[in-house]
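Reading the structure
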Amino acid sequence: MAKTENGRPSVDMGSIRTLNSSHIEDESSLGSDSEINGFTSERQADRYGFIGGAQQYSEDSAQDVPPEVLRQREVKWLDMLSHWDKWMIKRFNKVRLRCQKGIPPALRGRAWLYLSGGKVKREQNQGKFQELDSQPGDPKWLDVIEKDLHRQFPFHEMFVSRGGHGQQDLFRVLKAYTLYRPDEGYCQAQAPIAAVLLMHMPAEDAFWGLVQICEKYLPGYYSPGLEAIQLDGEILFALLRRVSALAFRHLEKHKIDPILYMTEWFMCAFSRTLPWASVLRVWDMFLCDGVKIIFRVGLVLLKCTLGTREKLKTCQGLYETMELLRAIDPRYMQEGFLVREILEVPVTARDIEKEHHTQIKRWKKNRGELNFKPAPRMHGARIIMQAEPPRRQDLQQNPTIVLEVPEPPQKLNKGKEERKSKKKKSTKKPTAIEEIPNPYPLPTDPPPQFLNPPPQSLNPPPQSLNPPPQSLNPPPESLNPPPQSLNPPPQSLNPLPPSLNPLPPFSAMPPPSLNPLPPFSATPPPSFDPPSPFLDLPPPSLAPPPPSSDPPSPPPYANVTPKTSPETETNSNHQQSAPPTDLPAAKESALQQSTQSLSSSEQDTYL
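What you see is a predicted model; the values in this text were computed from it and never measured. Every chain is numbered independently, its residues counted from 1 as its sequence is written. Whole-chain, interface and lining totals are the exception, using all residues; otherwise, since this is a predicted model, local features are given only for residues with pLDDT of at least 70 and side-chain atom pairs are given and counted only at 80 or more. Note that the side-chain values use all heavy atoms of the structure and ignore hydrogens as well as water.

1. Re the overall build of the protein chain
- Helix numbering and strand numbering both begin at the N terminus, where a helix is a DSSP run of H or I of at least 4 residues and a strand a DSSP run of E of at least 2. Summing up its helical and strand segments, the protein chain has 29 helices and 2 strands in all.
- Put simply, the protein chain has 607 residues, and 42% of those count as buried.
- Note on contacts: a residue pair qualifies if any of its non-hydrogen atoms lie within 4.5 Å across the two residues. For the protein chain, contacts bridging at least 24 residues in sequence account for 80% of all contacts bridging at least 6.
- Accessibility throughout is a Shrake-Rupley quantity obtained with a 1.4 Å probe, and a residue counts as covered only by protein chains that appear here. Of the roughly 35200 Å² that the protein chain leaves accessible, carbon and sulfur atoms contribute 55%. Accessible area is worked out with a 1.4 Å probe on protein chains only. A residue is then buried under 20% of its type maximum, exposed over 50%, and partly exposed in between.

2. A look at the side chain of Lys121
- On the secondary structure map, Lys121 appears in helix H8 (residues 118-124).
- Neither His nor the chain ends contribute to the count of charged residues, in which Lys and Arg are positive and Asp and Glu negative. Salt bridges are defined by distance alone: a side-chain nitrogen of Lys or Arg within 4 Å of a carboxyl oxygen of Asp or Glu. Lacking a salt bridge, the buried Lys121 has Glu388 as its closest oppositely charged neighbour, with an N-O distance of 4.1 Å.
- If sequence neighbours within four positions are ignored, Lys121 has contacts with Tyr180, Trp208, Gln212, Glu215 and Glu388.

3. Digging into the environment of Gln396
- Counting through the fold element by element, Gln396 comes out in the loop between helix H23 (381-387) and helix H24 (410-428).
- Separated by 315 residues in the primary sequence, Gln396 and Leu81 place their C-alpha atoms 8.9 Å from one another.
- When near neighbours in sequence (up to four residues on either side) are disregarded, Gln396 contacts Tyr114 and Lys119.

4. Observations concerning empty space enclosed by the protein
- A 1.4 Å probe that fits but cannot get out identifies a cavity on a 1 Å grid over protein atoms alone, an open set with protein on both sides within 12 Å along at least five of seven lines counts as a pocket, and a residue lines either if it has an atom within 4 Å of a point. Grid points are joined across faces, edges and corners, and a volume is the space filled by probe spheres set on the points. Inspection of every chain in the model, using the stated rule, returns 7 cavities of 30 Å³ or more.
- Estimated volume of the second largest cavity: approximately 110 Å³.
- If you go around the second largest cavity, you meet 14 residues; those closest to its centre are Tyr114, Gly117, Val120, Met385 and Pro390.
- A per-element tally of the lining of the second largest cavity places helix H7 (residues 108-116) first, with 4 residues.

5. A look at the confidence of the model for the protein chain
- Model confidence for the protein chain is summarised by a mean pLDDT of 74, while 58% of its residues fall at 70 or above.
- What pLDDT conveys is the predictor's confidence in a given residue, as a value from 0 to 100. Ignoring residues within four places in sequence, the model shows residues 471-508, a span with pLDDT below 50, making 62 contacts including any to other chains.
- This model gives residues 510-544 a pLDDT under 50, and the stretch forms 37 contacts once residues within four places in sequence are excluded.

6. Observations regarding a positive patch on the surface
- Patch definition: residues with relative accessible area over 30% and no salt bridge; like charges joined within 9 Å; nonpolar side chains (Val, Leu, Ile, Met, Phe, Trp, Tyr) joined within 5 Å. Lysine's charge is taken at NZ, arginine's at CZ, aspartate's at CG and glutamate's at CD. Together, Lys76, Arg91, Lys94 and Lys101 give the surface a local cluster of positive charge.
- With respect to the helices and strands, the residue Lys101 is situated in helix H6 (residues 92-101).

7. Structural notes on the packing of aromatic side chains
- For Phe, Tyr and Trp, rings pair up if their centres lie within 6.5 Å, where Trp contributes its six-membered ring, and each pair is then called stacked (planes under 30 degrees apart), edge-to-face (over 60) or tilted (otherwise). Inspection of every chain in the model, using the stated rule, returns 18 aromatic pairs.
- With a centroid separation of 5.7 Å and 85° between ring planes, the pair formed by Tyr180 and Phe207 is classed as edge-to-face. Highlighted residues: Tyr180 in helix H11 (residues 165-180) and Phe207 in helix H13 (residues 203-217), separated in sequence by 27 residues. By the burial criterion, Tyr180 is buried, and Phe207 matches it.
- Here a set of aromatic residues connected by ring pairs shows up, and it is made of Tyr261, Trp265, Phe266, Phe270 and Phe295.
- Over the ring of Trp363 we find Arg367, and its NZ or CZ is 4.1 Å from the ring centre. Placement of a positive charge over a ring is assigned whenever Lys NZ or Arg CZ falls within 6 Å of the ring centre and within 35 degrees of the normal to the ring plane.

8. Some details on helix H21 (residues 335-344)
- Residues of H21 that are buried include every one of Glu335, Gly336, Leu338, Val339 and Ile342, and no others. Buried residues of H21, viewed axially, fall in a sector of 170°; they line one side. Facing away from the buried side of H21 by more than 90 degrees, the exposed set consists of Arg340 and Glu344.
- Buried positions along H21 lie against H6, helix H17 (276-289) and helix H18 (292-306).
- N or O atoms closer than or at 3.5 Å make up a polar contact, with two conditions inside protein: a donor-capable atom paired with an acceptor-capable one, and, for residues adjacent in sequence, both atoms drawn from side chains. One side-chain oxygen at the N-terminal end of H21 lies 3.1 Å from the backbone nitrogen of Gly336; it belongs to Gln334. Note: the arc covers the axis-to-C-beta directions of the helix.

9. Details of the packing of helix H12 (residues 190-198) against H13
- What counts as an axis is a line fitted to C-alpha atoms, over the stretch in contact for a helix, and the angles between N-to-C directions run from 0 to 180 degrees. The N-to-C vectors of H12 and H13 enclose an angle of 135°; their axes lie 9 Å apart at closest approach. Between H12 and H13, the crossing angle belongs to the class labelled oblique. In this structure, H12 crosses over H13, and the sense of that crossing is right-handed. From H12, Gln190, Ile193, Ala194, Leu197 and Leu198 reach across to H13, where they touch Ala203, Ala206, Gly209, Leu210, Ile213 and Cys214.
- Under this grouping Gly is polar, as are all residues other than the nonpolar Ala, Val, Leu, Ile, Met, Phe, Trp, Tyr, Cys and Pro and the charged Asp, Glu, Lys and Arg. Across the contact of H12 with H13, the residue classes tally to 9 nonpolar, 2 polar and no charged. Oblique is the label for every angle not falling under 35 degrees (roughly parallel), over 145 degrees (roughly antiparallel), or within 65 to 115 degrees (roughly perpendicular). Here a crossing is called left-handed whenever its near helix is offset anticlockwise from the far helix by less than a right angle, and right-handed whenever the offset is clockwise.

10. Remarks on the nonpolar core
- We define a nonpolar core as any set of buried Ala, Val, Leu, Ile, Met, Phe, Trp, Tyr and Cys residues linked to one another through side-chain atoms lying within 4.5 Å. Within the largest apolar cluster, 117 residues are counted, with the highest numbers of intra-cluster contacts made by Phe207 and Tyr261.
- By residue number, the principal contributor to this core is H18, which donates 10 residues.
- Leaving out residues up to four positions away in the same chain, Phe207 has contacts with Phe129, Leu132, Val173, Ala176, Tyr177 and Tyr180.

Structure below.
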């Protein structure tokens, strides 16, 4: 006779070959458990790892997603996991919507850990699981755990063999929880919860996920006496009146207590009732929105099974009704249909809490005080995160595969950074170009009249105006212009514009003020008489410009001496120093002698 599991006939166990436990313990590290037991030769595991059983994948129970849509969802979930705190605080409705659509299989384990708060719990308790795992544990609980290991998903390749890696990790997780919560100990319904988590994450992550489910989502479910699950059974029965009055009256008529049919549903979170594709979708929403999803699934199954008069005709008593609830029609558990019905059930977390207070009052009135008072239940990932605000480093993702990429040479990076900084500087702050006026006149401009030119103007730099070596000592006639050129007649001079003649005429000024060095004006030094061959040189080559009767104001930029080409400088000097040839000779005055003596003294000091 074929065995039954959850009211459904199971696959014949005779076709599954097993090895003895001693041989498995020796060979448990060689490949997967299904390879050890020889399942690969006869049966292939489905996409979820099931080799057989009622929860095996089928096209009727699952809803396939196109690969393109799956890749897009993976990118979105990777972005959410990288900025988890911002998404949970500001855009939680979008997170809920994506959980309702289904978490991508490649990221489901990581998303569950973030939703439940197990990631933050693990980071805040570094090394705690290793410490609990190293302890021997309570022998009272260890014997019970070992007896339940082979009962958890026996058709899944991870738990199919006794002593395999799946059962070993399951034992470690359950033993660690008994040490973490010795007041609660171990409950048989915890094993399926831990097994589902182990299918998607390592043992340490599965342990902290189990802790969060037992403490935040379903507090008191696994405590002695099972008072919390009895209270939730009464809440489910009260909510059924609002959703399906016909099913409520039928269960009330036959006095079917909710604890008879909903215990396995709620304590195992439907992991042993629904097809596996539907289990994953229910868990995606359950870890996001809390226990209200579990209530909605139970209400949908009751409504679809006992919600019409035609269905009630087949179950006229308690036994027929219980058999119908244990073997629910697969059409109502199909992934697409079930998810749509769950989202349409008008039950919120506020409704559950309101009914919870009502049932507690009734419990105290009929049975007295509760023996075990669990912590308050938290409805969803957002409330859990607000109750225990995480640090930023607690949400950082730790990659499981680390690739060592050689760093590029630093010189190239520095060169690029310097170029970028130079470009930014040049674009941000353009330097203003100052316009410096040329103090020297152009050939087209009227020549300025200097009364006492500076010594450096008589002898320019050697590279620009130096003549051949024989012209270094010009004759006195060439350095000192003829006397008649010092005081030309007023009518022969070209008067300057009014802007360049700010001072009164030179004749109005007293002569003694223009004779700064009278002692050196008597006799010029005889040692500077040039040789006779230089007498034939043209006098205007190095002669200073003729002074004007009206002394001009000094140039505005006397200290700025921009470089000019030798040709333009010689041309300007030639224009400035060319004296008029038709001027009559005038008598030498004291002013002329002082000027001549001044020029000779300057030559003396220069030479």
